[in-house]
Structure formats: C-alpha cells, structure tokens
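The chain contents come next:
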Amino acid sequence: MSAYGTSRHHPPSSFATSASVALFRRLAWEGTVPLEIRVDPKELPANSDRGLECYYIQAPRVSYLPLLMPELRRFLMDVVFDDAAARILKEEDWWFESEEGALLKWHWPIGLIYDNHAISASARTSSAASISTGTGTAPELQITPLKLILHLASPPTEKLLLPPSAEACKQAFMGQLKEADFIRWGNTKRMTGLRKAEQDGIWEGIREHNFDDYWRVASKIVPTTIPATRPSSPPPSSSASAHARPPSSDPQNAQDRDGAYNVRSVPVRLYLPDGPVIQDLAPPIMEDGTPNTLTRYLSTHLPLLFLSQGPTPDLAFPLVQGIILPPETEMAWLGACMAGADGWVNVCVGLLQ
Amino acid sequence: MEESSLEPIDYAAAAATFAGELLCHQYVVLSPTFGVPTFYFSVHDSSGTPLTLTEVLQLPLFHRDAFEGAQVTTFSVEQSCASFPLLSFGDHPTLNVQCWYLHPCGTKAAVEEILDATEEGKAGGEQRHLQWLRAWFTLLSSLLVDLRG
C-alpha cells in the first residue's frame, strides 16, 4: 500500500484493489471471539460431573449460537452428563444468558453479541473493562471471554418468543441479507436472482464456516470497491499493474454501476450501550461529492458523543468487527469489506470513561 | 437438523384450548429498511407464555384465507413463490422485544394500487399521507379480522 506515491488528492478509495478487498473480507471472516459457556449449576442433573461444566470456544464472529449447540451437546454428553441425563437433553428448551442476567439474542451474529456486550460494559461506571484514552490515542480494549450461561430448561417465555434453532437462525440470516440488498439498491433482485441451491449454499458456508463457499454466492450480491475513474492520472504502474483496470474500459463502467460507491445507502446499524439500535440511511457519497466517512456518519447521528471538530475529543468510540476504526474510514468501503456475513455493518458505540 | 413441516392450519382445534384470556400486543411501526408501516404483534396466554405460531394462526385473529396455500413452520409463514416469508419473527424496531410481523416488502405496490383506484387516493401533500395510511389499513384489514380486537 505504501507504493502509491505522494499525490494525496485522490481519495483513498482509488487504491482499493481486488487483493485488498479480499484480504479484509478474509480477515473479517476469520475473526473470532472467546466464549466461556457454563451450564447453570442449578440445572445440572444429579449425577453429572461437576467442575467440568464450563466450555471454552473461540467462536467465529460470523456464526450463531444455535450453530454451536451440536458441539455443546456433544461436550455435555461426553464430559458432564451421565447416560440417563444425556437422553433427556432437549435442545428446544435451551437458552443463553449473559453473566449480568441479560437474555441473549440468539439470532444475532456472535460477533455482534460480543461487541454489544463490550459496549454495555463500557457504560457501567464500575466497569472492569479497561478502556484508557491516553492523549489523542485510540482506546485500548481488553479481549476477555464473554461469559455465557447455558440454561437447559424453563426458557423465560415472556421475553423469548422463539427458542434458538438452526432453522430459525437461517431464516433470520436470509432475511437480513435481503434487507441489506434492499437498502443498497431499493430492490432485492440480486437476492431473488440467486438459485435455491445458491441461497442454501450461502447458509451452508456459515454453518461449515467455509469462506470460499460463502463468498462464491456472496460475491454476486455484495458490492466491491472499484478504483475511481481518474483520467488525469492513473495509479502508478509499479505495484498496481497486476490489479488496476484500464480507466476507459467499458466493463469497468458497468461494474461501477454495481460498485460499493453507487449504492443508495450502505446497510449499517448503530448500537448504543443497552440502548436502541439506530438504523438510518448512509449514502456512500455526500452531496458535495466527497465520500461519506465513519466520523461524518457518527457525528451526524450522535453529535453529542462524536464532536468531530474542535478541541474537545470524542466521548465515545466505534467498534466494527471488534476493531476501533480510523475516523476517516469510508462507509462504502466498510460495506464492501467489513460487513458481517449477513450484509450489515454493525457499529457498536462504546463510551469513554 | 430441524426440518420445516408443512402444516395446514387447523381451525377446528382453535382457541377453545386456551383457558382464560389471551393478550395480544399489536404495533404499527415504520420499517427502517423498507420505509413503510409494518404490523408487528405477539400473543401471550394468561401465564405470560407466548403462543407458538401454529397456535397464533388458529386464533380468530387472521381471516381464514389470509394465508391460503402457505407453508407454516415454527418460525414463519411462507409461500414458495414469494422471496420473503409472509409472516416472520424479528426484533421490534424500537422496543427491544421479539415479535411476529407481516413482511412489508410488497406493501408499497399494493397500497399504490389501492390509491390509484380511488379519487381521494390521487390527493397530494398531507392529504396524500393520510390516504396512504388509510389504504394501508384497508390492506391490513384484508388479513386481520378486526383491528379493534
């Protein structure tokens, strides 16, 4: 990336190559979070092996709790329960709770559950999560296991409409993909244009955690960043020649139409600690022709937290895929490279102490 | 892996199974994605337990033919030709609860069809919004028995 010379009047997006897009997509896909899953001790059957009821897993951010249930079941049957107890395990009665007693949204991607929990922690005054700002440097986050309690019975039905299941999860996932498609283009033609085998295939990519299977289909619906057409000065040929397209070729213009900078809005949601989810339009390019950036998006929607200009530093920080991103990150780039597998860029806003 | 089961809606085994009252929460919320009003709801029995989708569909809440020919699973009502389920579960946009909702993606077209068919529907400005909502409720009442419950 450092070979792109000294000219700074090109927006950074000019230099997004297919290689860097693939790199960030791979990084997002391979992201994992540590989970510590403990069965509620009160629900362990009489003959179970106590002391071993904790299961540790480095779970993919793009996966879902119901997809971990088969693995959990095997662990419980092998290590914790005796045969009699194992026979009566009913997964349809299982539900997950955080250490603080909050019912977990099993239909959310695991990465979002983790980041959402992290920002809730940031808002508690006696928070154990250490987030220090230093002078002008980004806050540092400690990555600690998210402690979950797995209950095997008596779901809190007044809050849980539906027990966790892989099938229901699949539908939630497909629904989010379609919504993201609609947000981008105002229609869902790209999703509905997929054959049934492809629609099933993209979910199988999640279930099996297979990057290639997932992106084989996702590449048909998720836009990519295209180098902006700049007839006056093409990118330096030295390192870009392997990837850059000739500026005047027709296929590029056709691809531009479907590119990440041409969507009508980037599918993005803002999560506040223990608070509402804000969803609003996020155009990729502002009216003045400049790209929409994370800092612009945040200071528009949360002006009291993200002060944008002036001497006062921001009162909050944005987490995307568990990372605090540079404020100049372009929204369109986020949509193309760091969205979740369900198509949505989830920005979790934590508070600085 | 759980399999979706094809179940015809059994109206004979209806609400007589529920002793006591049922509480139905109904909401009309703007869908942040589709930008149209969307109908969200949940139904609970007197102990606070939510009804399953099958039980919900047996209630005299929806018209009998509202979901004619549709496929019912534990989590949705689908039609094989449609790209979205007719009825699905999801997060209420503001209340942090899970609800069932009628999928809104076909709403805009259907409402505009209604508006085009009437004189009042051709109004402009604020009147247009009012007529739009009226048409939306007309559409909803073709599925729900009586919105006043």
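Residues numbered from 1 in each chain as written. Chains lettered and ligands numbered in written order. Predicted model: local features only at pLDDT ≥ 70, side-chain atom pairs only at ≥ 80, totals over all residues. Heavy atoms only, no water.

Bringing the overall build of chain B into the picture now. Helix and strand counts for chain B stand at three helices and six strands. Reading the helices (α) and strands (β) of chain B from amino to carboxyl end gives β-β-α-β-β-β-β-α-α. The buried share among the 149 residues of chain B stands at 38%. With an accessible surface of roughly 8300 Å², chain B has 54% of that area assigned to carbon and sulfur atoms. (Helix = DSSP H or I, 4+ residues; strand = E, 2+ residues; numbered from the N terminus. Buried < 20%, exposed > 50% of the residue type's maximum accessible area, 1.4 Å probe, protein only. Areas by Shrake-Rupley, 256 points an atom, 1.4 Å probe, with all protein chains shown as cover.)

This part covers the sheet that holds strand β3 (residues 95-98) of chain A. All names here are of chain A. Read from one edge of the open sheet, four strands run β2-β1-β4-β3, paired in mixed fashion. Two strands bound the open sheet, and with one partner strand each, they are β2 (54-60) and β3. Between one strand and the next, the sheet's axes are offset by a mean angle of 35°, whatever the strand orientation. As paired elements, strand β1 (residues 32-39) and strand β4 (residues 146-151) share five bridges and run parallel to each other. Bridging from a neighbouring strand, E36 pairs with K147 of β4. Helix α4 (residues 110-123) contacts β1, β2, β3 and β4 of the sheet and is inclined by roughly 85° relative to β1. (Pairing = 2+ DSSP bridges. Axes fitted to C-alpha atoms, helices over the stretch in contact; angles between N-to-C directions. Contact = heavy atoms within 4.5 Å.)

Take the nonpolar core next. By size, the foremost hydrophobic cluster in this structure holds 59 residues, and its most contacted members are A:F173 and B:F62. Top element by residues in this core is helix α5 (residues 166-185) of chain A. It accounts for seven residues. Not counting chain neighbours up to four residues away, the residues in contact with A:F173 comprise A:Y64, A:I202, A:W203, A:I206, A:Y214, A:A341 and A:D342. (Core = buried A, V, L, I, M, F, W, Y, C linked by side-chain atoms within 4.5 Å.)

All names here are of chain A. Counting across every chain of the model gives 18 aromatic pairs over all chains. Relative to F75, the ring of Y55 lies with its centre 4.7 Å away and its plane at 45°, an arrangement referred to as tilted. One end of the pair, Y55, is in strand β2; the other, F75, is in helix α2 (residues 65-80), with 20 residues separating them in the sequence. By relative accessible area, F75 is classed as buried at 15%. Among the aromatic residues, ring-to-ring pairing joins W29, F211, Y214 and W215 into one connected group. In this structure, K105 is placed above the aromatic ring of W108, and the distance from its NZ or CZ to the ring centre is 5.4 Å. Geometry around W344 places R269 over its ring, the cationic atom sitting 3.6 Å from the centre. (Phe/Tyr/Trp six-rings, centres within 6.5 Å; stacked < 30°, edge-to-face > 60°. Lys NZ or Arg CZ within 6 Å of the ring centre and 35° of its normal.)

All names here are of chain A. Position of S63 among the secondary structure elements: in the loop between β2 and α2. Looking at S63, the relative accessible area reads 5%, which means it is buried. Leave out the neighbours within four places in its chain, and S63 touches P109, I110 and I206.

With that out of the way, let us pick up the side chain of B:H103. Residues and elements named next belong to chain B. Structurally, H103 is set in the loop between β6 (98-102) and α2 (107-116). Taking the relative accessible area as the measure of exposure, H103 reaches 14% and is therefore buried. Once you skip the residues sitting within four places of it in the chain, H103 turns out to touch F34, F84, P85 and L86.

All right, on to the interface of chain B and chain A then. Taken together, the contacts link 27 residues of chain B with 25 residues of chain A. Taking both sides of the interface into account, the surface hidden between chain B and chain A amounts to around 2300 Å²; carbon and sulfur atoms contribute 58%. In terms of surface lost to chain A, no three residues of chain B exceed B:T33, B:F89 and B:Q98, which account for 25% of the buried area on that side. Inspection of the chain B/chain A interface yields nine residue pairs in polar contact (both at pLDDT 80 or more). (Buried area = accessible area lost by both parts, 1.4 Å probe. Polar contact = N/O pair within 3.5 Å; in protein donor to acceptor, adjacent residues only side chain to side chain.)

Side chains that are three or four residues apart share a direction in an α-helix, a result of its 3.6 residues per turn. Residues and elements named next belong to chain B. Taking 1.5 Å as the rise per residue, helix α3 (residues 125-141) with 17 residues should run 24 Å; its terminal C-alpha atoms sit 25 Å apart, in good agreement. Those residues of α3 not exposed but buried are Q131, W132, A135, W136 and L140. For α3, the elements touching its buried residues are β1 (23-30), β2 (37-44), β6 and α2. (Expected span 1.5 Å × (residues − 1).)

Here the focus is the pattern of salt bridges. Residues and elements named next belong to chain A. Enumeration according to the criterion identifies 16 salt bridges over all chains in this entry. Among the salt bridges present, the one from D115 reaches R61, with a minimum N-O distance of 2.8 Å. Here R61 lies in the loop between β2 and α2 and D115 lies in helix α4, a separation of 54 residues in the sequence. Here D115 matches R61 in class, with each residue buried. In this structure, the salt-bridge partner of R73 is E91, at a minimum N-O distance of 2.9 Å. Taken together, the residues R73 in helix α2 and E91 in the loop between α3 (83-87) and β3 connect sequence positions 18 residues apart. When its relative accessible area of 21% is taken as the criterion, R73 is described as partly exposed. Salt bridges sharing partners connect three or more residues here, namely K170, K196 and D200. (Salt bridge = Lys/Arg side-chain N within 4 Å of Asp/Glu carboxyl O.)

Residue and element names in this part refer to chain A. With mixed pairing, five strands are arranged side by side in an open sheet as β6-β5-β9-β7-β8. Every other strand in the sheet has two partners, leaving β6 (277-279) and β8 (323-324) as the edge strands with one partner each. Relative to β8, strand β7 (residues 316-320) runs antiparallel, the two being bridged by two bridges. Paired with V320 across the strands is I323, a residue of β8. Across the sheet, α4 lies against β5 (268-271), β7 and β9 (345-351), angled at about 20° from β9, the strand it touches most. On the sheet, helix α11 (residues 294-301) packs against β5, β7 and β9 and is oriented at approximately 55° with respect to β5.

All names here are of chain A. Under the domain assignment, chain A is made up of domain 1 (2-30 + 222-226 + 248-351) and domain 2 (32-155). Regarding the contact of domain 1 and domain 2, the summed buried area is about 1600 Å², with carbon and sulfur atoms giving 68% of it. Along the contact surface separating domain 1 from domain 2 lie zero salt bridges. Remark: the boundary between domain 1 and domain 2 carries four residue pairs in polar contact (both at pLDDT 80 or more). Secondary structure elements with two or more residues in the side of domain 1 that touches domain 2: α1 (18-30), β7 and β9. When residues in the side of domain 1 that touches domain 2 are grouped by element, the largest group, five residues, is from β9. Broken down by class, the residue content of the side of domain 1 that touches domain 2 amounts to 12 nonpolar, four polar and three charged. (Domains from an automatic or database assignment. Nonpolar A, V, L, I, M, F, W, Y, C, P; charged D, E, K, R; others polar.)

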